[in-house]
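# Chain and residue survey
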Amino acid sequence: MNEMIDENELYDLAELFKVFGDSTRIRILFVLFNKEESVSEIAKSLNMTDSAVSHQLKILKQNKLVKAKRKGKQMYYYLADDHVKTIISMGREHIEE
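Overview of the structure. All residue numbers refer to position in the chain's written sequence, counted from 1. Residue-level local features of this predicted model are given only where pLDDT is at least 70; pairs of side-chain atoms are given and counted only at 80 or more, and the full residue set underlies all totals for whole chains, interfaces and linings. Only hydrogens and water are removed before side-chain values are computed, so all heavy atoms of the structure are retained for them.

Another point: the sheet that holds strand E1 (residues 37–38). Following DSSP output, two strands are said to pair if at least two bridges run between them. Strands here are runs of E lasting at least two residues and helices are runs of H or I lasting at least four, both read from the DSSP assignment and numbered beginning at the N terminus. If you walk across this open sheet you meet the three strands as E1-E3-E2, and the pairing is antiparallel. If you trace the sheet from one side to the other, it starts and ends with E1 and strand E2 (66–71), each paired once. Taken together, the six bridges between E2 and strand E3 (residues 74–79) define a ladder with antiparallel strand orientation. Its bridge partner being in E3, Arg70 is matched across the sheet by Met75.

And the structure:
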């Protein structure tokens, strides 16, 4: 992977890592690591307000890290794909070296 990628890809990659640069968003991703949760459930487990969690989920969703589905009146959030788990796992592995 010695070839240089184009500027747009570099920008997008930097933006992705910015999203991971917030510990609150990382905490939310960890909550969603193995199961889907509603905003209220996430907020309760992290001792945060629903509005604070919703704000962070919006950012995570815009960056394609989480997805949502409606069940009745509730929205449930889950990790968008296994790449998100891989990024988190590799990051943990790196800092534990």
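Of note, Asn63 is situated in the loop between helix H4 (50–62) and E2. With twelve residues separating them along the chain, Asn63 and Met75 place their C-alpha atoms 18 Å apart.

A separate point is the environment of Phe20. Considering the arrangement of structural elements, one finds Phe20 in the loop between helix H1 (7–19) and helix H2 (23–31). Between buried and exposed lies partly exposed: a residue is buried under 20% and exposed over 50% of the maximum accessible area for its type, with that area taken using a 1.4 Å probe on protein chains only. The exposure class of Phe20 is buried, given its relative accessible area of 14%. Residues Phe20 and Ile88 lie 68 residues apart in sequence; the distance between their C-alpha atoms is 8.9 Å. Should any heavy atoms of two residues lie within 4.5 Å, those residues are considered in contact. If we skip the residues at most four places from it in the chain, Phe20 touches Ile26, Leu29, Leu65, Ile87 and Ile88.

As far as function goes, none of this settles anything; it's purely spatial.
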